[in-house]
Amino acid sequence: MSVSSSGSAAYSGSLEGSNAQRGLWSSRLAFILAATGSAVGLGNIWKFPYVTGENGGGAFVLVYLLCIAIIGIPIMMAEVMIGRRGGHSPVNSIKAIAQRDGLNPAWKLVGAVGILAGFLILSFYSVIGGWAISYVGTTASGQLSGQTADAVGAIFSGLLSNPGTLLLWHTVFMALVMLVVAKGVRSGLERAVSILMPALFVLLLIVVGYAMTTGHFGQAAAFLFQPDFSKLTTSGVLVALGHAFFTLSLGMAVMMAYGSYLPKKISIAKTSITVSVIDTGVALLAGLAIFPIVFANGLEPGAGPGLIFQTLPLAFGQMPLGSLFGTLFFVLLIFAAWTSGISLLEPIVEWLEEQKGMNRTVSTLGAGAVCWALGIASILSLNLWADFAPLGFIPMLEGKTIFDLLDFFTANILLPLGGLLVALMAGWVMSKPAMEKELALSPGAFSLWFVTVRFITPIAVGVVFIYNLM
Ligand code: TRP
């Protein structure tokens, strides 16, 4: 994707023709690859298993799947549609639509929520990306082979206890993200996604294959897919909802930004569904890879954010060619995290370019530096500040470190809020004929989507919020 031009707001308020000046995705596949690159990341492989473990398994997974189907896919369609109709960076797309459909310009708040969420998420996302980088060395060195669960756990705690090492890898990860965003050239990346995503998929399948030999695969499958509603809490429902947004990269206008490059003739519904199905498939595979190892080694499913780093290394230490597969796996995980990280920074940089007239390199350096600095707070939460819970006086935030708070506030509050605004905008204020034209669905399918964004999504998000936050 050849991203926006010189920086000085190319935005003219006219919608027709604006896309053409910005360069479009070459094909439906290119968009799917870029959107999948954004969606598939640490959320699928790192976060999904650990939040599933913390929230008791099956019932949580079911709610998460429902959130993907009923809330995630319709919102993704709405975001892509707003982006394509607007034809600019999210904030200006909304402005352009507001002008055209006579809406209140305050809707550009959607873009503002997105930019804030992007900063906050990338700050801790990069720290976890750093863990993955560090594990390339850990696996490649062969030090995992034949290790016990305790030894593998100790390697992980060793990493967390060392702020210097964490800072180093966090810095490397941020630099990788900034490099691509500053260049503004994605074409190479899309080609890479088309090779590396399937490779990641295959490696996950290999680990699932290994997991089947542990003798605990059935137990893991039951844990993931047999709902036990007694284990589901209201906060679990909020986490499932938040994670649906997080894993599909929704609620912060990423899909809006990407949608603005989507050629008009391509079906928004089909592409959104494809991306969501791939994303969900990767998450479920990760679950099937990890939980058999958890049960076979008597580990705790609710171990928290370290879960994959305490389980997968065990598998790589035991399976044939484990060092090779392990190294490859973490390299691919870095790549998946990288493409997601890029999509977190890209909207901010586009906004700085269009809105503030800054050039791409300067905006990338500036925004990247802020995320990097913020990341240091997350790093310290893992060691020196591990007992510091700044908002611990609020019952539901008890014991949460800065890192936990950033994760909670972004995934569970900001993203659903951003999604809610998108749903309200599409469901209540945008021109309906224009949306019909943009989505080009059969009348029945359009009505289904429309009713969903108009009623179901706002009510669902509202109810979950009220139950949790009131
Ligand atoms: N979806 C990515 C993941 O699962 C994370 C991500 C990238 C994201 N861009 C986003 C989350 C935008 C929310 C919004 O790893």
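Everything here concerns the structure above.
As the structure is a prediction and not an experimental result, all values here were calculated from the model.

## Details of the layout of surface pockets
One number sums up the size of the largest pocket: a volume of about 350 Å³. Lining the largest pocket are 17 residues, with E54, V239, K400, F408 and N412 positioned closest to its centre. Looking at the lining of the largest pocket, the elements with two or more residues in it are α3 (42-54), α11 (234-247) and α17 (402-429). The leading source of residues in the lining of the largest pocket is α17, at six residues.

## Section: empty space enclosed by the protein
Taken as a whole and assessed by the stated rule, the structure comprises three cavities of 30 Å³ or more. Roughly 150 Å³ of internal volume is contained in the largest cavity. Lining the largest cavity are 18 residues, and of these S38, Y125, F246, S249 and L344 lie nearest its centre. Secondary-structure elements contributing two or more residues to the lining of the largest cavity are α2 (28-39), α3, α6 (109-140), α11 and α15 (322-356). The class makeup of the residues in the lining of the largest cavity is ten nonpolar, eight polar and no charged.

## What about the site of the ligand?
Surrounding the ligand, one finds 17 residues, the nearest of these being G43, Y125, F246, S249 and S343. One of the side-chain nitrogen or oxygen atoms of Y125 is found 2.4 Å away from an oxygen atom of the ligand. Take S249: an N or O atom from its side chain is 3.0 Å from a nitrogen atom of the ligand. Taking a 2 Å distance to the grid points as the criterion, the majority of the atoms of the ligand fall inside the largest cavity. Contributing elements (two or more residues each) for the shell around the ligand: α2, α3, α6, α11 and α15. Considering only residue class, the shell around the ligand consists of nine nonpolar, eight polar and no charged.

## Considering α15
A rise of 1.5 Å per residue sets the reference length of α15, with its 35 residues, at 51 Å; its end C-alpha atoms lie 50 Å apart and thus fit the reference within 8%. In α15, a bend of some 30 degrees at L345 exceeds every other bend along the element, and P347, a proline, comes one to four places later. The buried count for α15 comes to 28 of 35 residues, which makes it a mostly enclosed element. One or two steps after α15, the chain reaches G357, where phi turns positive at roughly 65 degrees.

## Things to note about helix α13 (residues 268-296)
Here α13 spans 43 Å end to end across 29 residues, near enough to the 42 Å set by a 1.5 Å rise per residue. Most of α13 is tucked away: 22 of the 29 residues are buried. Between the side-chain oxygen at the start of α13 and the backbone nitrogen of A269 there is a gap of 3.4 Å, and the oxygen is on S267. Phi for G298, located one or two positions after α13, is positive at around 60 degrees.

Scoring rules and cut-offs
Residues numbered from 1 in each chain as written. Predicted model: local features only at pLDDT ≥ 70, side-chain atom pairs only at ≥ 80, totals over all residues. Heavy atoms only, no water. 1 Å grid on protein atoms, 1.4 Å probe; cavity = no way out; pocket = protein on both sides within 12 Å on 5 of 7 lines; lining within 4 Å. Points joined across faces, edges and corners; volume = space filled by probe spheres on them. Helix = DSSP H or I, 4+ residues; strand = E, 2+ residues; numbered from the N terminus. Nonpolar A, V, L, I, M, F, W, Y, C, P; charged D, E, K, R; others polar. Near = heavy atom within 4 Å. Polar contact = N/O pair within 3.5 Å; in protein donor to acceptor, adjacent residues only side chain to side chain. Sits in = over half its atoms within 2 Å of the grid points. Expected span 1.5 Å × (residues − 1). Bend = angle between axes of the 7 residues up to and from the residue. Buried < 20%, exposed > 50% of the residue type's maximum accessible area, 1.4 Å probe, protein only.

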